[in-house]
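Each chain, letter by letter, is given below.
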Amino acid sequence: MRDIIKVKSLVFIISFLLIASTACDKIFLDVEGENAMFQGKWQLKTMSSGNTQQKVDTVYFNFQNNIFSYQIYTKKDSLLEIFGYYTFQDQDSIYLELFTNSALLDNKPIQNVDFNFIDWHTIGSDGMGQDTLAKMFKIDQIKRKQLNLSTTDDKYFFEKF
């Protein structure tokens, strides 16, 4: 009888640990639709497209209370920063929008930036230089220090900064 109780206890503990370890990779949204694991600054480390992988160390995604900022450090030690917002579409995807008139270079507003280098889709324009760029990402994995996003063609591997 004691052996049966031990086996049942062991099965319960193992089941609990398996569920808990699997849950760490999934997104759990709180009441406001936020996710504490997303909050903060993430450094893009590697980007892959098909069979090509590229190391990256100058691009950062920042998430805070549905506000998103995209930062690129240039070779001239300058910082290009663009602001927007993010929303979770479901447990496995995140939608990001950037507003081109929010662009700052070294904390100063700049105009007429060619945003083709970030490969996002223009989804609208107000006719006065305000374009809205957007991209939907699938959340492949999120852990305390690791974030993996993907699109149809590309994969993005981030580390918490």
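Going by the structure above, here's the rest.
Residues numbered from 1 in each chain as written. Predicted model: local features only at pLDDT ≥ 70, side-chain atom pairs only at ≥ 80, totals over all residues. Heavy atoms only, no water.

### A closer look at the pairing of strand E11 (residues 146–150)
What counts here: For every residue, the accessible area obtained with a 1.4 Å probe (protein chains only) is divided by the maximum for its type, and the residue is called buried under 20%, exposed over 50%, and partly exposed between those limits. A run of H or I in DSSP becomes a helix once it reaches four residues, and a run of E becomes a strand once it reaches two; helices and strands are each numbered from the N terminus. Strand pairing follows a simple DSSP-based rule, namely that at least 2 bridges must link the two strands.
In terms of burial, E11 is largely enclosed, as four of its five residues are buried. In this structure, strand E10 (residues 131–142) lies alongside E11, joined through four bridges in antiparallel fashion. Bridge pairing in E11 links lysine 138 to serine 150. In sequence, E10 turns back onto E11 through a hairpin of three residues. Relative to strand E12 (residues 154–160), E11 is paired through five bridges, and the arrangement is antiparallel. Bridge pairing in E12 places asparagine 148 opposite phenylalanine 157. From the end of E11 to the start of E12, which pair antiparallel, there are three residues.

### Observations concerning the packing of aromatic side chains
Condition: Two aromatic rings from Phe, Tyr or Trp, using only the six-membered ring of Trp, form a pair when their centres are within 6.5 Å; if the ring planes differ by under 30 degrees the pair is stacked, by over 60 it is edge-to-face, and anything between is tilted.
Taken as a whole, this structure holds 14 aromatic pairs when the rule is applied. Centroid distance tyrosine 60 to tyrosine 73: 5.4 Å. Interplanar angle 85°. Geometry classified as edge-to-face. Separated by 13 residues along the polypeptide, tyrosine 60 in strand E3 (residues 59–64) and tyrosine 73 in strand E4 (residues 67–73) bring together distant segments of the chain. Seen from their ring centres, tyrosine 60 and phenylalanine 161 are 5.1 Å apart, and the 75° between their planes marks the pair as edge-to-face. Pair noted here: tyrosine 60 is in strand E3 and phenylalanine 161 is in the segment after E12, with a separation of 101 residues, a long-range link. Residue classification places tyrosine 60 among the buried residues on the basis of a relative accessible area of 7%. The exposure class assigned to phenylalanine 161 is exposed, which follows from its relative accessible area of 58%. Among the aromatic residues, those joined into a ring-pair cluster are Phe38, Phe61, Phe63, Phe68, Tyr70, Tyr86, Phe88, Phe137, Tyr156 and Phe158.

### A short note on the side chain of lysine 135
Note the following rule: Polar contact is the term for a pair of N or O atoms within 3.5 Å; when the atoms are in protein, one must be able to donate a hydrogen and the other to accept it, and sequence-neighboring residues count only if both atoms are side-chain atoms.
Topologically, lysine 135 is positioned in strand E10. Separated by 3.3 Å, the side chains of lysine 135 and tyrosine 156 make a polar contact.

### As for the nonpolar core
Cut-off, in case you're wondering: Among buried residues, those of type Ala, Val, Leu, Ile, Met, Phe, Trp, Tyr and Cys that are joined through side-chain atoms within 4.5 Å constitute a nonpolar core. In what follows, residue pairs with any heavy atoms lying within 4.5 Å of each other are defined as contacts.
One finds Phe61, Phe63 and Ile94 to be the most contacted residues of the largest nonpolar core, which totals 27 residues. Elements with a minimum of two residues in this core: strand E1 (40–49), E3, E4, strand E5 (79–90), strand E6 (93–99), E10, E11 and E12. Residues within four places of phenylalanine 63 in sequence aside, it is in contact with Phe38, Gln39, Gly40, Trp42, Phe68, Tyr86, Ile94, Leu96 and Leu147.

### A closer look at the side chain of glutamine 71
Within the fold, glutamine 71 resides in strand E4. Accessibility expressed as a relative area gives 7% for glutamine 71, which makes it buried. Within the local environment of glutamine 71, its side chain forms a polar contact with the side chain of lysine 41, the two groups lying 3.0 Å apart. At 3.1 Å, the side chain of glutamine 71 forms a polar contact with the side chain of asparagine 62.

### Remarks on the environment of asparagine 66
Locating asparagine 66 in the fold gives a position in the loop between E3 and E4. Sequence separation between asparagine 66 and threonine 87 is 21 residues, and the spatial gap between their C-alpha atoms is 6.5 Å.

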